[in-house]
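Listed below, chain by chain, are the residues.
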Amino acid sequence: MKNPYKILGIILSVAGAIMAPLFYFFFASVPLTAVALSSIILGLASFFLASARPYISPEASQILLKAGMENTAALLEEIGIRNKAIYLPAKMRNGYPQAIIPVKEDCNIKKIRDKLPGRLIVRYGPDADDMAIAVTTPGSINLEMLESPPGPNAYEIEAAIGYILTGLLDIADGVKVDMTEARVNIDVRNAKMAYEEIWYYYCLGSPIASITAAVSSEALQKPVRILEEKYHKGKYHITLEVLT
Amino acid sequence: MRIFNRLIISLAIAFGIINVLLAFLGQDDISVYFIVNAIAYLIITLLYVYLNPRAKSALNGLSAIIFAAFLVVVTMEVIEILK
């Protein structure tokens, strides 16, 4: 039994259950009995939380994430694409949110058709070189974990990103979202994942930026691009460009 | 699992403060301690809205048990008063 929450829960509950009658009947101390009762409640809370821990270890998850990222990075490097990805809402990608990395540097977003085919290499415009690579990002997968899609305002986007980063993934402590017409500014506090100067991060953004971009794109129902990403001592400042 | 740690620490601090405060005020009724602790538990777990669905449902199960015990204690207190 390696789960520390289960061990803590059992210790607190059993100790509380033994001590409560002792304190009440032998020592006739109500405050100490109350402490024992609190210990039982705390122990039960810890025990119940133990069942909510993920089945696979964080190390195993990290290996899977890294393998996926390296495969995508290898593909991008091989083709020689170094353009910023455009995060598309689900309605533009056959009901599945994804990001496209245009082959051409000056990608005109207005050319993007309403619905792109669900393939790896997609043509988004009428010209022959309007081609892009469509990839699934960490953000795309996390959107499925939301109970309902967020609305197009800063408050709902902040709540959705906070729920994913803090509650589900536990990779940050808090999120602040500020919105203007064509920009979404996001500040992430105490992020556990640092920014790295690698090809994948340059094109698709770090996993944290990817999640914020995917959520914002889905909330606004518009394509979104990661314009800037700054990381300093656990703090992320992400600027997203809303493409219209 | 920092959010789980924060929840457990918040509960421990709240229970500690409540018990010390009630003891300091000279409270000698165990049901009062239980009622206040149960209310603190229900409020604190409600405040953790960002918990994942599995953790939420697990804590909701415990909340239901504590709430049931809370209702029993309150009903007994009311019967005592009406007598």
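Predicted model, so just to flag it, every value in this text is computed and none were measured.

Participant: Before we go on, may I ask you to explain the packing of aromatic side chains in this structure?
Facilitator: Each pair of aromatic rings is reported with the distance of its centres and the angle of its planes. Residue and element names in this part refer to chain A. One pass over the structure, following the stated rule, counts 6 aromatic pairs over all chains. Consider the rings of F23 and F27, whose centres lie 5.9 Å apart with planes at 55°: the pair is tilted. One cation-aromatic arrangement involves R82 over Y202; the distance from NZ or CZ to the ring centre is 4.6 Å. A cation sits over an aromatic face here: K84 above Y202, 4.7 Å from the ring centre.

Participant: Explain helix α3 (residues 53-82) of chain B here, please?
Facilitator: Spacing of three or four residues puts side chains on the same side of an α-helix, whose turn is 3.6 residues. Taking 1.5 Å per residue as the helical rise, α3 of chain B with its 30 residues ought to reach 44 Å, and the 42 Å between its terminal C-alpha atoms agrees with that figure. When we look at burial in α3 of chain B, the residues that qualify are A55, A58, L59, L62, S63, I66, F70 and V73 of chain B. Where the residues of α3 of chain B are buried, they touch α2 (30-50) of chain A together with α1 (2-24) and α2 (30-47) of chain B.

Participant: Whenever I open this one, the sheet that holds strand β5 (residues 174-179) of chain A confuses me. Can you help?
Facilitator: Paired through backbone hydrogen bonds, the strands of a sheet run either parallel or antiparallel to each other. Residues and elements named next belong to chain A. Taken together, 8 strands build an open sheet; the order of strands is β3-β4-β2-β1-β7-β8-β6-β5 and the sheet is antiparallel. Only two strands of the sheet have a single partner each, and these edge strands are β3 (121-123) and β5. With strand direction ignored, the average angle separating the axes of adjacent strands in the sheet is 30°. By the bridge criterion, 6 bridges tie β5 to strand β6 (residues 183-189) in an arrangement that is antiparallel. Along β6, the bridge assignment pairs V175 with V188.

Participant: I'm lost on the pairing of β6 of chain A in this one. Help?
Facilitator: Within a regular strand, the side chains alternate between the two sheet faces. All names here are of chain A. Counted along the chain from β5 to the antiparallel partner β6, the turn is 3 residues long. Relative to strand β8 (residues 235-242), β6 runs antiparallel, the two sharing 6 bridges. Across the sheet, residue D187 finds its bridge partner in β8, namely H237.

Participant: Would you take a moment to explain the interface of chain B and chain A for this structure?
Facilitator: Across the contact, 32 residues belong to chain B and 36 residues belong to chain A. When chain B packs against chain A, close to 3000 Å² is buried across both sides, 70% of that on carbon and sulfur atoms. Area buried by chain B at its contact with chain A is led by R2, Y50 and R54 of chain B, which between them contribute 24% of it. Its salt-bridge partner being R6 of chain B, residue D173 of chain A comes within 3.4 Å of it at the nearest N-O pair. At the boundary of chain B with chain A, the tally comes to 4 residue pairs in polar contact (both at pLDDT 80 or more). When contributions to the side of chain B that touches chain A are tallied by element, the ones reaching two or more residues are α1, α2 and α3 of chain B. Counting residues per element, the side of chain B that touches chain A draws most heavily on α1 of chain B, at 12 residues. A per-class count over the side of chain B that touches chain A returns 22 nonpolar, 4 polar and 6 charged.

Calculation notes
Residues numbered from 1 in each chain as written. Chains lettered and ligands numbered in written order. Predicted model: local features only at pLDDT ≥ 70, side-chain atom pairs only at ≥ 80, totals over all residues. Heavy atoms only, no water. Phe/Tyr/Trp six-rings, centres within 6.5 Å; stacked < 30°, edge-to-face > 60°. Lys NZ or Arg CZ within 6 Å of the ring centre and 35° of its normal. Helix = DSSP H or I, 4+ residues; strand = E, 2+ residues; numbered from the N terminus. Expected span 1.5 Å × (residues − 1). Buried < 20%, exposed > 50% of the residue type's maximum accessible area, 1.4 Å probe, protein only. Contact = heavy atoms within 4.5 Å. Pairing = 2+ DSSP bridges. Axes fitted to C-alpha atoms, helices over the stretch in contact; angles between N-to-C directions. Buried area = accessible area lost by both parts, 1.4 Å probe. Salt bridge = Lys/Arg side-chain N within 4 Å of Asp/Glu carboxyl O. Polar contact = N/O pair within 3.5 Å; in protein donor to acceptor, adjacent residues only side chain to side chain. Nonpolar A, V, L, I, M, F, W, Y, C, P; charged D, E, K, R; others polar.

Everything listed is a geometric property; what it means functionally is a separate question.
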